[in-house]
Amino acid sequence: MDWQTVQAPTIDEFEILARNALNGLPQRFRALCVGVNMRIEELPSDEICEELGLESPFELTGLYQGVDLLQKSEAEIAPLPDMIVLYRRPILDEWSEGGLSLGALVRHVLVHEIGHHFGFTDSDMDAIEALEAGQ
């Protein structure tokens, strides 16, 4: 790839890429995400980095904020809407290291954060990915 001619997508272009990734997921999977908002931000805030104990904001490519489906109660009203945030610059940084296309990487991060919405832990998702890689 000729990196001198490659331009990073803008936030608006990145959002289109993320929406396309979401729309490309199986309908049954998307149906369980109704009501989950998605937002694109440049970097996680200082508060998020501190809360998660990150040394650098580039360590976080995405974040699920909300109450996962396993913890939700029909009787309770969630204080804030469920939100998936994708962090543009850390994703671009990871993409620049190679390995996956930008679209595939965005899809990977999005699916990972949706997994948190389902109540999966990072370890659960790592195990699922390992099984898929072994097939």
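All of the points below concern the structure found in this document. What you see is a predicted model; the values in this text were computed from it and never measured.

1. Some details on the nonpolar core
Then step 1. Residues Phe-14, Leu-86, Ile-91, Val-106 and Ile-114 are the most contacted members of the largest nonpolar core, which totals 22 residues.
Then step 2. For this core, the secondary-structure elements that each account for two or more residues are helix H1 (11-23), strand S1 (37-41), strand S3 (83-87), helix H4 (88-96) and helix H5 (102-117).
Then step 3. Dropping the residues within four chain positions of it, Leu-86 is found in contact with Phe-14, Ala-18, Met-38, Arg-39, Ile-40, Glu-41, Thr-61, Gly-62, Ile-91, Val-106, Val-109 and Leu-110.
Then step 4. Residues Ile-48, Leu-60, Leu-63 and Tyr-87 belong to the second largest nonpolar core, which totals six residues.

2. Things to note about the packing of H4 against H5
Then step 1. Relative to each other, H4 and H5 sit at 130°, their axes nearing to 10 Å. Taken together, the axes of H4 and H5 lie oblique to each other. The way H4 lies across H5 gives a crossing that is right-handed. Contact with H4, carried on its side by Ile-91, Leu-92, Glu-94 and Trp-95, involves Leu-102, Leu-105, Val-106 and Val-109 of H5 and no other residues of that element.
Then step 2. Partitioning the contact of H4 with H5 into residue classes produces seven nonpolar, no polar and one charged.

3. Focus: the pairing of S1
Then step 1. Burial of S1 is one-sided: the residues Met-38 and Ile-40 facing one way are buried, the residues Asn-37, Arg-39 and Glu-41 facing the other way are not.
Then step 2. With five bridges joining them, S1 and S3 adopt parallel strand pairing. Looking at the pairing, Met-38 lines up with Ile-84 of S3.

4. Some details on the sheet that holds S1
Then step 1. Read from one edge of the open sheet, three strands run S1-S3-S2, paired in mixed fashion. Since the sheet does not close on itself, it has two edges, and those belong to S1 and strand S2 (62-65), each with one partner. Within this sheet the neighbouring strands show an average axis-to-axis angle of 20°, counted without direction.
Then step 2. Packing of H1 onto the sheet brings it into contact with S1 and S3, and relative to S1 it is tilted by some 145°.
Then step 3. Across the face of the sheet, H4 comes into contact with S1 and S3 while running at roughly 50° to S3.

Reading the values: rules and limits
- Residues numbered from 1 in each chain as written.
- Predicted model: local features only at pLDDT ≥ 70, side-chain atom pairs only at ≥ 80, totals over all residues.
- Heavy atoms only, no water.
- Core = buried A, V, L, I, M, F, W, Y, C linked by side-chain atoms within 4.5 Å.
- Buried < 20%, exposed > 50% of the residue type's maximum accessible area, 1.4 Å probe, protein only.
- Helix = DSSP H or I, 4+ residues; strand = E, 2+ residues; numbered from the N terminus.
- Contact = heavy atoms within 4.5 Å.
- Axes fitted to C-alpha atoms, helices over the stretch in contact; angles between N-to-C directions.
- Parallel < 35°, antiparallel > 145°, perpendicular 65-115°, else oblique.
- Left-handed = near helix turned anticlockwise from the far one by under 90°.
- Nonpolar A, V, L, I, M, F, W, Y, C, P; charged D, E, K, R; others polar.
- Pairing = 2+ DSSP bridges.

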